[in-house]
2 protein chains.
Amino acid sequence: MAPSEPRRTATIGATETSFGIVEYLRDSVTAGVSDIANELGVSKSTAYNHVRTLVKLGYVAETDDGYALSLKFLNLGDHARRRHALYHAAKGEMDDLVDAIGERGQVMIEENGRGVYIYQVRTDHAVQTDSHIGNFVDLHTTAVGKSYLAFCEEERREAILVGDLAALTPETITDRDDLLEELDRIREQGHAFNDEERITGMRAVGAPIISDRHGVLGAISVSGPTTRMNGEWYRREIPEKVKQAARIIGIRGTYS
Amino acid sequence: MAPSEPRRTATIGATETSFGIVEYLRDSVTAGVSDIANELGVSKSTAYNHVRTLVKLGYVAETDDGYALSLKFLNLGDHARRRHALYHAAKGEMDDLVDAIGERGQVMIEENGRGVYIYQVRTDHAVQTDSHIGNFVDLHTTAVGKSYLAFCEEERREAILVGDLAALTPETITDRDDLLEELDRIREQGHAFNDEERITGMRAVGAPIISDRHGVLGAISVSGPTTRMNGEWYRREIPEKVKQAARIIGIRGTYS
DNA sequence: AACGTATGTTCTCCAGAGACGAACAAATAC
DNA sequence: GTATTTGTTCGTCTCTGGAGAACATACGTT
């Protein structure tokens, strides 16, 4: 049943457990050695040695209630983000856009076939979701992702859409042909809707960021609850504002 | 000559080289396997295995011109930052402060005896420096750091100020007694100045963020070139604004 | 206080993971 | 067309990193 995996490349276990610890600390905020050893299924001494190494390297900090991720990761994240021109270009414009619309705004980039939020603006009454900075999402389930898919190169799209389309809500587009149709529609109108396809009760309007030199850099969107995002406001006005912002960001992203 | 290091704890080499690769990628933006192997002084196959592992874990991405840090680090950084109440409390107020003053604003926290910038606001004409988000700095060389040192617990301060005070410019305070005097002054007036002590040509005004429940959470500052920051504006008005913002952030940071 | 149980830390020992270097393929430069 | 340089794979051997027990402290409970 399983395709014949070439199973070629050796992989370094120590690194995996170290990052396992890092990810566990990310999720649990703080933890102790025994705790970690249990969770990762390694001996206490192993967990201890790894943690000590991470502390020595400065990636884990010792706090009053256990070990925790160090802010040194902020540095790595920031550098990773700086590599992408889109971040600088989009930041200011997104702030303005969210000021004008309310709700929440986000900037997405594609990496390894998935979408990553690289910037997010929230207003006071914006809804809390799991769309944090740095989180990866499936492209076909978001307005930003569909915007990207609609306007990226044919070849890239094919490469991304190889597997199945996972469903997150009853509204998620899981059929490949349906998705391609939707992408046609998005290409035509220049913006994408997301109507409870990722989170029930949440809508979003997205548009791609296009640079005439470098193609699609990513996408932006504004999202909020269906209770506030509806009617003409949702169907007409927001898309116009989002597209307008996307155009400006695209131009700025091209010459920088 | 070398002090008798207890040399107790074993440290995991594989993890060190993996993070070595990560840091090299951070600094070089993109790199290839041979390049990495050279830089780290390991064999090509070793470098290759490490990189493949990092790719598999999703922390390194393959780009057109070599391997690069993945945006997944953004996620880790963001989580590390969320652990600190100060971030949420300070963000909005700092944006306002920088709007009012111009120049650049930053929020700092102490970790392992050094300072980390966890948030930064820039205006259009703000000066570019190396004070990036996630960067670590010596506390005694910055307005934020001195603010923190002045108001943190005696015990903590002693623990931090064990080593020598490194000089970054001719103005850096390198004498321990001078520093303690300076801290007295800061405690008295409630704000700290940094007059070219870290970067020649740059000044800053900082103030601690104090929560009456949790003590000093960190510090904020506004910084800019000496050509623009001077006279009464620098000596009187900016400190007042900074202290005012710090007070508000302190209150917000206490009840959340 | 005395006890039990949790923790973090240190120790020793052995298997096997991980480092090396050579050999290969594929891309690029010349 | 050859000559380098790249990424990748293959064996071989060594020394590292993992397990588990033992130790030291800190906590909570009765």
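Each value, and the rule that gives it
- Residues numbered from 1 in each chain as written.
- Chains lettered and ligands numbered in written order.
- Predicted model: local features only at pLDDT ≥ 70, side-chain atom pairs only at ≥ 80, totals over all residues.
- Heavy atoms only, no water.
- Near = heavy atom within 4 Å.
- Polar contact = N/O pair within 3.5 Å; in protein donor to acceptor, adjacent residues only side chain to side chain.
- Helix = DSSP H or I, 4+ residues; strand = E, 2+ residues; numbered from the N terminus.
- Nonpolar A, V, L, I, M, F, W, Y, C, P; charged D, E, K, R; others polar.
- Contact = heavy atoms within 4.5 Å.
- Buried area = accessible area lost by both parts, 1.4 Å probe.
- Salt bridge = Lys/Arg side-chain N within 4 Å of Asp/Glu carboxyl O.
- Buried < 20%, exposed > 50% of the residue type's maximum accessible area, 1.4 Å probe, protein only.

**Points about the protein's contact with DNA strand C**
And then number 1: Residues in close proximity to DNA strand C total 19 residues, the closest being V33, S34 and Y48 of chain A together with S43 and S45 of chain B.
And then number 2: Close to the protein, within 4 Å, the atoms of DNA strand C are drawn from sugar and phosphate at a rate of 68%.
And then number 3: In the environment of DNA strand C, a phosphate oxygen lies 2.5 Å from a nitrogen or oxygen atom belonging to the side chain of S34 of chain A.
And then number 4: At 2.8 Å from a phosphate oxygen of DNA strand C is found a side-chain nitrogen or oxygen belonging to H50 of chain B.
And then number 5: Sorting the residues of the surface near DNA strand C by element identifies α1 (13-28), α2 (33-40) and α3 (44-57) of chain A together with α3 (44-57) of chain B as the ones contributing at least two each.
And then number 6: Classifying every residue of the surface near DNA strand C gives seven nonpolar, ten polar and two charged.

**Regarding the interface of chain B and chain A**
And then number 1: With 53 residues of chain B in contact, the opposing surface of chain A contributes 54 residues.
And then number 2: The contact between chain B and chain A buries some 5,000 Å² in all, and 64% of this surface belongs to carbon and sulfur atoms.
And then number 3: Of all residues in chain B, F19, L71 and L74 of chain B bury the most surface against chain A, accounting for 14% of the area lost on that side.
And then number 4: Joining chain B to chain A, the criterion identifies four salt bridges.
And then number 5: As a salt-bridge pair, E23 of chain B and K72 of chain A come within 3.6 Å of each other at their nearest N and O atoms.
And then number 6: Inspection of the chain B/chain A interface yields 18 residue pairs in polar contact (both at pLDDT 80 or more).
And then number 7: Secondary-structure elements contributing two or more residues to the side of chain B that touches chain A are α1 (13-28), α3, β2 (60-63), β3 (66-69), α4 (72-82), β4 (104-111) and β5 (114-122) of chain B.
And then number 8: Broken down by element, the side of chain B that touches chain A gets its largest block of residues, eleven residues, from α4 of chain B.
And then number 9: Considered class by class, the residues forming the side of chain B that touches chain A number 24 nonpolar, 17 polar and twelve charged.

**Thoughts on the pattern of salt bridges**
And then number 1: Using the criterion set out here, one finds 38 salt bridges over all chains in the structure.
And then number 2: As a salt-bridge pair, E16 of chain B and K56 of chain A come within 3.2 Å of each other at their nearest N and O atoms. Note that E16 of chain B is positioned in helix α1 and K56 of chain A in helix α3, a pairing that runs across two chains.
And then number 3: Given the relative accessible area of 54%, K56 of chain A is considered exposed.
And then number 4: The shortest N-O distance in the salt bridge between E197 of chain B and K146 of chain B comes to 2.7 Å. Of the two residues, E197 of chain B is situated in the loop between β7 (192-195) and β8 (202-211) and K146 of chain B in helix α6 (residues 143-151); the sequence distance between them amounts to 51 residues.

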